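So you can see what is in the structure, the chains are spelled out below.
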Amino acid sequence: MKQVVLEAEMRDVSKNLNVLRSSGKVPAVFYGKKEQPIAISVDAKKFMSIVEKEGANVIIELKFKDSSKPAIVKELQRHILTQAPNHIDFQSISLTEKIEILVPIHVEGIADGVKNAGGTLEHVMREIKVQCLPTDMPSKISVDVTALKVGDDITVAQLPKIDGVEYVHHDKDAVVVTVIGQTVEEEKPAETAEAQAPEVISKGKKEEEGAAAPAEGAKK
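Residues numbered from 1 in each chain as written. Predicted model: local features only at pLDDT ≥ 70, side-chain atom pairs only at ≥ 80, totals over all residues. Heavy atoms only, no water.

Caption draft 1: Expanded view of the overall build of the protein chain. Helix and strand counts for the protein chain come out as four helices and 13 strands. Across the 220 residues that make up the protein chain, the buried fraction comes to 32%. Taking as baseline every contact in the protein chain between residues at least 6 positions apart, the subset at least 24 positions apart corresponds to 66%. On the protein chain, roughly 14,800 Å² of surface is accessible, and the fraction owed to carbon and sulfur atoms is 51%. (Helix = DSSP H or I, 4+ residues; strand = E, 2+ residues; numbered from the N terminus. Buried < 20%, exposed > 50% of the residue type's maximum accessible area, 1.4 Å probe, protein only. Contact = heavy atoms within 4.5 Å. Areas by Shrake-Rupley, 256 points an atom, 1.4 Å probe, with all protein chains shown as cover.)

Caption draft 2: Fine view of the layout of surface pockets. What the largest pocket holds in volume is close to 370 Å³. Every residue lining the largest pocket is counted, 18 residues in all, and those nearest its centre are A56, N57, V73, I101 and L102. Listing elements by their share of the lining of the largest pocket, those giving two or more residues are α2 (44-54), β5 (68-78), β7 (99-108) and β9 (127-132). With five residues, the top contributor of residues to the lining of the largest pocket is β5. Residue classes in the lining of the largest pocket are distributed as nine nonpolar, three polar and six charged. In this structure, the second largest pocket occupies an estimated 300 Å³ of space. Around the second largest pocket, the lining is made up of 14 residues, and of these K33, S92, I93, S94 and E97 lie nearest the centre. Taken together, the elements giving at least two residues each to the lining of the second largest pocket come down to β5, β6 (85-92) and β7. (1 Å grid on protein atoms, 1.4 Å probe; cavity = no way out; pocket = protein on both sides within 12 Å on 5 of 7 lines; lining within 4 Å. Points joined across faces, edges and corners; volume = space filled by probe spheres on them. Nonpolar A, V, L, I, M, F, W, Y, C, P; charged D, E, K, R; others polar.)

Caption draft 3: The arrangement of the side chain of H87 in detail. Topologically, H87 is positioned in strand β6. One polar contact links H87 to D89, side chain to side chain, over a distance of 3.4 Å. (Polar contact = N/O pair within 3.5 Å; in protein donor to acceptor, adjacent residues only side chain to side chain.)

Caption draft 4: Looking closely at the sheet that holds strand β11 (residues 153-155). A sheet is described by the order of its strands in space; here three strands give the open sequence β8-β13-β11, paired in antiparallel fashion. Pairing within the sheet leaves two strands with one partner each, and these edge strands are β8 (120-123) and β11. Each strand of the sheet is rotated relative to its neighbour by a mean of 10°, with strand direction disregarded. Bridging between β8 and strand β13 (residues 175-180) involves four bridges; their strand directions are antiparallel. Within β13, the residue paired with T120 across the bridge is I180. (Pairing = 2+ DSSP bridges. Axes fitted to C-alpha atoms, helices over the stretch in contact; angles between N-to-C directions.)

So this is what it looks like as C-alpha cells:
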C-alpha cells in the first residue's frame, strides 16, 4: 500500500468550524491506541486529491510541525449537497500491527446472464471487512462477473485470495453479487360476458321450473 504525506496543523477547538472550512481547511481529529485524541486540520484540496487518486484506504503520513504520524481515514463526513469534506477521523496505526478495515468491492465485466439473457446484476455486498498489515491493505477487491449466468452468484468464500489479507466475515456463504432473471407477472384470464351469461340464464330457468311445479301438482 502506497504511503502519502499530508501536512496537518493543530486546531483551536474554540474557533468557528465554518470559518475554518471557508479558508480551505477541513476540521479533523487524530487518535489511536497510544495517542491522545487531538484536534487538527488539513488542506481540503490536498486531502481530496489523495482520496481521488489513491482511494479512501491509503496510509497517510500526517506531517506535523515537529513530527509525523502514520494514519488511515477511519471516517469521512461530507456535505450533503456539495459532497465536500466536512470532517475527518484519522486513526493512528502501527505499520507492524494488523488492522481491520472495510474495503470496497469493485465489479468488473458484464455478466453473461445480463448480456445474453436479459438478467439483472444485483450488487448485494458493496464492501467487506479485512484484516491485514497496513502495508498490505488493498484499495479495493475486484470481482470478475463475466461468466455469471442467470441464477449464478459469487459468495464471500469465492472472493479472490490476496496475500496477507484475510476476509473477516461470519458467513462465508453470504452472497456478494448475483444475477437474477426477469420477473414476469402472470395475468389472470379475464371473465367474459359469454362465460357469465349461461349462469344467469340457467338460474332463471330453474326458478321458472320451480314456480311451475306446485301449479302442476294442484291440478292433480
